[in-house]
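Observations on chain architecture
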Amino acid sequence: MKDFKAVRGVKDIVTYEEAAKWSAVIKKVESLFESYGYRKTFIPVIEHAELFSRSIGEETDIVSKEMYIFKDRKGRELALRPEGTAGVVRAMVENKMLQGNIREKVSYFGPMFRYERPQAGRYRQFYQLGCEVFGPASPMQDIEIVKMAVEAMSALNAQGCLTLKINSVGCDDCKKKYTQKVRKFLKEKAKDLCGDCNIRMDANTLRVFDCKESSCQELYRDIEPLSKNLCGKCDSYWKAYAEGVNKETRYITGLNPDFKIITDDYLVRGLDYYTGPVFEIESKSAGGAVIAGGRYDKLVKQLGGPDTPACGWAMGVERAASLYGYKGTNIPELYVIYLKGADERWLSETVVGGLRDNGVSVEEDKEDIPVGKKLKIADRKNVNWVIIMGEEEKKKGILVLKNLGDGSQIDINTGKCAEDGTGKMIREILEKIGKR
Ligand code: HAM
């Protein structure tokens with residue numbers, strides 16, 4: 001029989017440790033979004049391919065080289081989304097959520113697809129947790145989303161050195177003028193540039209700054225950065241942003257002391273829709289940017305909606321999870337072993353029900369198999385706490401609470417006869433397992 005293997009560049013999250021870490025990352029970041037007033041949205045994974053070529057840009061690597069495109073049975077050209085922003089904007093416009101100069105803050109979570117060369121921290125199917133703000137057009141909003149991104153890294157107790165890189169790509173006018181200037185420079189140096197940069201020069205000029213060739217990088221240092229070529233309006237927006245980001249994020253606690261904020265003159269991002277401040281939070285050990293985003297004031301109108309400024313960011317969940325200093329609990333937190341003669345109904349309704357009501361995740365094992373095997377199953381699941389009850393315990397009016405971590409165990413009085421006996425018992429278990 002054929003052994004099936006996962007498709008190249010995708011990742012299974014099935015081990016206890018990794019799955020627990022992922023669900024904690026998602027929970028933490030989603031509750032951060034919620035605490036800032038973002039509401040969750042759920043958008044499709046498939047879209048018309050043209051949505052992405054129109055928004056991200058025909059000439060970008062994402063659209064020209066990395067998109068999963070296919071025709072459906074009616075011959076429509078569809079794509080697996082390579083990112084979330086274009087789909088969110090399309091959905092907000094199509095559902096008329098942005099009519100009437102409204103303010104909207106939305107978040108999303110889900111898989112994205114890019115046919116990239118797989119390597120550490122880079123996958124062909126990866127997950128993003130993202131947020132988008134529609135309406136406000138002041139640096140205060142851009143600063144707030146960066147602050148939220150840094151707080152997300154702090155909430156994840158991110159290990160390793162993080163660098164927050166900021167820059168401004170300017171409005172369409174600034175970009176156009178700057179692109180002409182850079183192209184002129186590149187044409188003069190064409191013979192010294194690598195093959196890729198010679199192609200990018202006309203098609204996607206500013207992406208030359210991402211070139212990995214050190215000889216190209218050396219040359220580009222002579223080009224005056226875009227941030228020094230901004231129009232008056234973009235320049236004062238950028239200055240207020242840079243100052244605010246420094247002020248608001250520098251002292252967020254819980255980050256590695258090596259956390260740095262730098263202005264990266266050559267941070268241009270790989271998507272065409274940006275129109276102002278952009279940022280990335282980078283970690284070398286995670287394989288690059290963990291969170292990235294910025295302002296994109298023209299996209300809503302470009303996709304047929306009302307003229308609505310917008311900004312946002314997305315976090316790569318694989319990269320965030322790899323940095324997460326995980327100190328969470330495993331699921332289930334408690335494993336209840338029923339042995340022959342246990343007071344089954346009482347155990348299930350009163351004890352298990354009572355613990356679940358108090359937020360403990362409990363798995364019950366009522367199988368007719370030896371206790372040794374049941375304990376082995378609990379151990380393999382990384383469960384820390386086990387409750388055991390059989391005939392003997394029932395007679396003595398106790399439950400055995402066992403800690404699989406250190407092997408210790410204690411008897412808990414079931415308190416069936418005393419007034420508030422069961423309440424006391426539940427409180428005692430909660431206390432012992434550290435849930436009170
Ligand atoms: P992006 O920089 O293309 O931006 O991706 C955002 C994040 O997704 C990256 O920082 C990285 O963590 C993760 N990511 C991207 N590609 C891969 C990959 N192949 N494997 C693993 N992780 C990856 C966007 O997608 C924009 N939509 C962000 C945004 C939202 N801008 C405004 N709003």
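As a starting point, this report considers the structure included with it. (Residues numbered from 1 in each chain as written. Predicted model: local features only at pLDDT ≥ 70, side-chain atom pairs only at ≥ 80, totals over all residues. Heavy atoms only, no water.)

1. A few points about the sheet that holds strand E14 (residues 385-389)
Across the sheet, five strands lie side by side as E13-E12-E14-E15-E16; this open sheet has mixed pairing. Two strands in the sheet have a free side with no partner beyond their single neighbour: strand E13 (362-365) and strand E16 (409-413). Adjacent strand axes in the sheet meet at a mean angle of 25°, parallel and antiparallel pairs treated alike. Helix-sheet contacts for helix H12 (residues 344-357) involve strand E12 (334-338), E13, E14 and strand E15 (398-403), and the interaxial angle to E12 is about 175°. Against the sheet, helix H15 (residues 421-432) contacts E12, E14, E15 and E16, and its axis sits at roughly 160° relative to E16. (Pairing = 2+ DSSP bridges. Helix = DSSP H or I, 4+ residues; strand = E, 2+ residues; numbered from the N terminus. Axes fitted to C-alpha atoms, helices over the stretch in contact; angles between N-to-C directions. Contact = heavy atoms within 4.5 Å.)

2. Describing the site of the ligand
Surveying the vicinity of the ligand reveals 26 residues, the closest of which are Glu-83, Thr-85, Arg-114, Glu-116 and Tyr-274. At 3.0 Å, a side-chain N or O of Gln-128 approaches an oxygen atom of the ligand. One nitrogen or oxygen atom from the main chain of Gly-316 is found 3.2 Å from an oxygen atom belonging to the ligand. Class assignment for the residues of the shell around the ligand results in 13 nonpolar, six polar and seven charged. (Near = heavy atom within 4 Å. Polar contact = N/O pair within 3.5 Å; in protein donor to acceptor, adjacent residues only side chain to side chain. Nonpolar A, V, L, I, M, F, W, Y, C, P; charged D, E, K, R; others polar.)

3. Overview of the packing of H12 against H15
Put simply, H12 and H15 touch, their axes get as near as 10 Å, and they point 55° apart. In terms of orientation, H12 lies oblique with respect to H15. Considering only the axes of H12 and H15, their crossing is right-handed. Contacts between H12 and H15 pair Trp-346, Thr-350, Val-351, Gly-354 and Leu-355 from the former with Thr-422, Met-425, Ile-426, Ile-429 and Leu-430 from the latter. Each residue belonging to the contact of H12 with H15 can be placed in one class, and the counts come to seven nonpolar, three polar and no charged. (Parallel < 35°, antiparallel > 145°, perpendicular 65-115°, else oblique. Left-handed = near helix turned anticlockwise from the far one by under 90°.)

4. Some remarks on the nonpolar core
Counting residues in each nonpolar core, the largest one holds 102 residues, and the members touching the most others are Tyr-220, Phe-279, Trp-313 and Met-315. Ranked by residues supplied to this core, first place goes to helix H5 (residues 139-155) with eight residues. Both domains that meet at this core, namely domain 1 (16-171 + 231-323) and domain 2 (175-230), each give it at least three residues. Not counting residues within four places of it along the chain, the set of residues in contact with Met-315 comprises Val-25, Val-29, Tyr-127, Gln-128, Leu-129, Ala-152, Met-153, Leu-156, Val-290, Ile-291 and Ala-320. Residues Tyr-338, Trp-346, Leu-355 and Val-362 belong to the second largest nonpolar core, which totals 22 residues. (Core = buried A, V, L, I, M, F, W, Y, C linked by side-chain atoms within 4.5 Å. Buried < 20%, exposed > 50% of the residue type's maximum accessible area, 1.4 Å probe, protein only. Domains from an automatic or database assignment.)

Keep in mind these numbers describe shape, not what the thing actually does.
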